[in-house]
Amino acid sequence: MYVAVKGGERAIENAHRLLARERRGEADVPEIALAQISGQLALAVDRVMSEGSLYDRELAALAIKQARGDMIEAIFLVRAFRATLPRFGATEPVDTGKMQVRRRISAIFKDIPGGQILGPTFDYTHRLLDPQLAEGFVPDEPAVAEASSAPTPRVTDILGRDGLIESSSPASARQAVGDLTREPLSFPADRDLRLQNLARGDEGFLLALGYSSQRGYGRNHPFAGEIRFGEVEVEFPAEEVGFAVPLGTIELTECQMVNQFKGSATEAPCFTRGYGLAFGQSERKTMSMALVDRALRARELGEEVLAPVQDEEFVMSHSDNVQATGFVEHLKLPHYVDFQSELGLLRKLRDEFFQAEARPELKEAAE
Amino acid sequence: MNARDKIKEGQAASEMIVRRKAAMAVLAHAKTAEISAHLDAIMLPPYEQLREAENGLVMLRGRIGGDGAPFNLGEATVSRAAVRLGSGEIGFGYTLGRDREKARMIALCDALVQSDEFAGSVETKVIAPLRAGLLARRQQRAAETAATKVDFYTMVRGEG
């Protein structure tokens, strides 16, 4: 419990003034523009959009600037902004199979139709700090090659043709799509709600949980079936227009994990799958998400629930870094009254202890 | 109206939808200043704002596994507007982002696409050049991406 405490207004105002000045950094260094953050710290922007659960590069860049690079603070700002606008409705589900692929790799088929396309990646870099970037570096023009018009089917579509992998559960006409921004969480939660929760969940939390599953806490034998990143078209079924209106494109990363088999007396064994999808180029996030998504299907697939990563209540209740921050950081707020009562109790207990010490015959009797 | 006329009318309506969607898809990718510059080449008819341009959100949806049941991925900012030409055509403008002016211009173009008088000029003077620019940007990106495609070759080991 904390009670309202009056006072400190001037201190707060001055603290915010000081913050504004600290945020600006040294006055003789140029201020960073939002376009610089959006263009040059693009992956930070992607993360803030994903976990802020709002696709808007400029707003995410502004949030990063305002938060002085504190990602969770930036995510918090974006979430708060989201609450200020009305929602027009929901888009048609995006078709990642028609993605204009900028990167697409498979760890299970070397010769995947459409090819292994590395795109802009940190993979295979030496992770040596590059002093060239410290000042005025002008990169070479990218190499070009003739683009192929061959389609890039999802690896799960290829495996699915031969029945080697389970098919995704189709949409049920009766059931509305779950939305945890509208209804509070309740358990058990269906996979649509779980994926929404994971998509906006903290990358570090999901990374650690996914990692724990690889180390044996809820093992599910994953292969990175495919990771793809690129642009997809978005269409919105606007009622007054009478057809699905194109809104433009968004960048997405998708990860298909292919996991060990399920089967039964009536069903031939096949691979199972875990799925990850996030805004922007968010590879670590979507891979972690896919590992956790698969682990959370333990109940559905008849696996024993033993590890934290398989426990949907544990995962979903702790994945949101805005909520987590709120609860952890609320400890900073005045708890003077609470603390006074604890202090009083402790003093009483200590008095009793020392009284007992001083009268050993009583202590023995008590024992 | 007989059955054949009805079918004809239905076809015309669906062709119109295809044309409007194609124009909207190009316009949504263009920058506001580009659309505005191209619109300057047309003697615009009088029009009124049917709905004040506004900002809002849409919930973006994905599919479980990429091809299964839909789920809510997260929201996006959107702007929308509606205009009516003096001749009666109503145009709608929707675009990702918070640029209301862009939504208004898309709505205007959508109305022009539906007008017999302006459909031709808006296509040749606005949509076509914007489409060419969009395709060029896409082709450039595709070419850069294609250069990062892996060519595997097999190394022969031992003496076979």
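Residues numbered from 1 in each chain as written. Chains lettered and ligands numbered in written order. Predicted model: local features only at pLDDT ≥ 70, side-chain atom pairs only at ≥ 80, totals over all residues. Heavy atoms only, no water.

### Brief notes about the nonpolar core
The test is simple: Throughout, nonpolar core names a set of buried Ala, Val, Leu, Ile, Met, Phe, Trp, Tyr and Cys residues whose side chains join them through atoms within 4.5 Å. Categorising residues by exposure relies on relative accessible area from a 1.4 Å probe, with only protein chains included: less than 20% of the type maximum marks a residue as buried, more than 50% marks it as exposed, and the intermediate range marks it as partly exposed. Two residues form a contact once any of their heavy atoms are found within 4.5 Å.
One finds A:V48, A:V241, A:L247, A:I250, A:L252, A:V292 and B:Y94 to be the most contacted residues of the largest nonpolar core, which totals 62 residues. When neighbours within four sequence positions are excluded, A:I250 is seen to be in contact with A:Y55, A:G230, A:E231, A:V232, A:V234, B:L60 and B:L96. One finds B:A30, B:I42, B:M105 and B:V126 within the second-largest nonpolar core, a separate group that totals 25 residues.

### Digging into the interface of chain B and chain A
Let me state the cut-off plainly: Think of a salt bridge as a Lys or Arg side-chain nitrogen and an Asp or Glu carboxyl oxygen that are within 4 Å of each other. Contacts described as polar in this section are N or O atom pairs within 3.5 Å, which, within protein, must combine one atom able to donate a hydrogen with one able to accept it, while residues neighboring in sequence count only if both atoms come from side chains. Helix and strand assignments follow DSSP, with helices taken as H or I runs no shorter than four residues and strands as E runs no shorter than two, numbered in order from the N terminus. Polarity classes work like this: nonpolar for Ala, Val, Leu, Ile, Met, Phe, Trp, Tyr, Cys and Pro, charged for Asp, Glu, Lys and Arg, and polar for all others, with Gly in that last group.
On the chain A side, the residues contacting the 52 residues of chain B number 78 residues. For the pair chain B and chain A, the number of links is ten salt bridges. In this structure, the salt-bridge partner of A:R82 is B:E75, at a minimum N-O distance of 2.2 Å. The interface formed by chain B and chain A holds 35 residue pairs in polar contact (both at pLDDT 80 or more) in total. Sorting the residues of the side of chain B that touches chain A by element identifies α1 (3-29), β1 (47-63), β2 (70-85), β3 (90-96) and α4 (119-146) of chain B as the ones contributing at least two each. Considering each element in turn, the side of chain B that touches chain A owes the most residues, eleven residues, to β1(B). A class-by-class count of the residues in the side of chain B that touches chain A yields 24 nonpolar, 14 polar and 14 charged.

### Here's the deal with the pattern of salt bridges
Across all of its chains, the model carries 41 salt bridges over all chains by this definition. Across the pair A:R104 and A:E226 runs a salt bridge, and its minimum N-O distance is 3.2 Å. Here A:R104, found in strand β3 (residues 100-105), pairs with A:E226, found in strand β4 (residues 223-238); they are 122 residues apart in sequence, far enough to count as distant. For the residue pair A:R104 and A:E226, the accessibility class agrees, reading buried in each case. A salt bridge links A:E166 to A:K262; the shortest N-O distance between them is 3.7 Å. Pair noted here: A:E166 is in the loop between α6 (155-161) and α7 (191-199) and A:K262 is in strand β5 (residues 243-262), with a separation of 96 residues, a long-range link. A residue is classified by how much of its surface remains accessible, and A:E166, at 7% relative accessible area, is buried. Bridged by salt links that share partners, the residues A:R82, A:R87, A:D179 and B:E75 form one connected network.

### Observations regarding the packing of aromatic side chains
In plain terms, the rule: Two aromatic rings, drawn from Phe, Tyr or Trp (for Trp, its six-membered ring), form a pair once their centres lie within 6.5 Å of each other, and the interplanar angle then sorts them: stacked below 30 degrees, edge-to-face above 60, tilted otherwise. Consider the ring centre and the ring normal. A charge sits over the ring if Lys NZ or Arg CZ is within 6 Å of that centre and within 35 degrees of that normal.
Across all of its chains, the model carries five aromatic pairs over all chains by this definition. Ring centres 6.4 Å apart and planes at 85° place the aromatic pair A:Y275 and B:F71 in the edge-to-face group. Taken together, the positions of A:Y275 in strand β6 (residues 270-279) and B:F71 in strand β2 put the pair across two chains. Residue A:Y275 shares its accessibility class with B:F71, and that shared class is buried. Pairing A:F353 with A:F354 gives two aromatic rings, centres 5.3 Å apart and planes at 80°, and the pair type is edge-to-face. In this structure, B:R80 is placed above the aromatic ring of A:F88, and the distance from its NZ or CZ to the ring centre is 3.5 Å.

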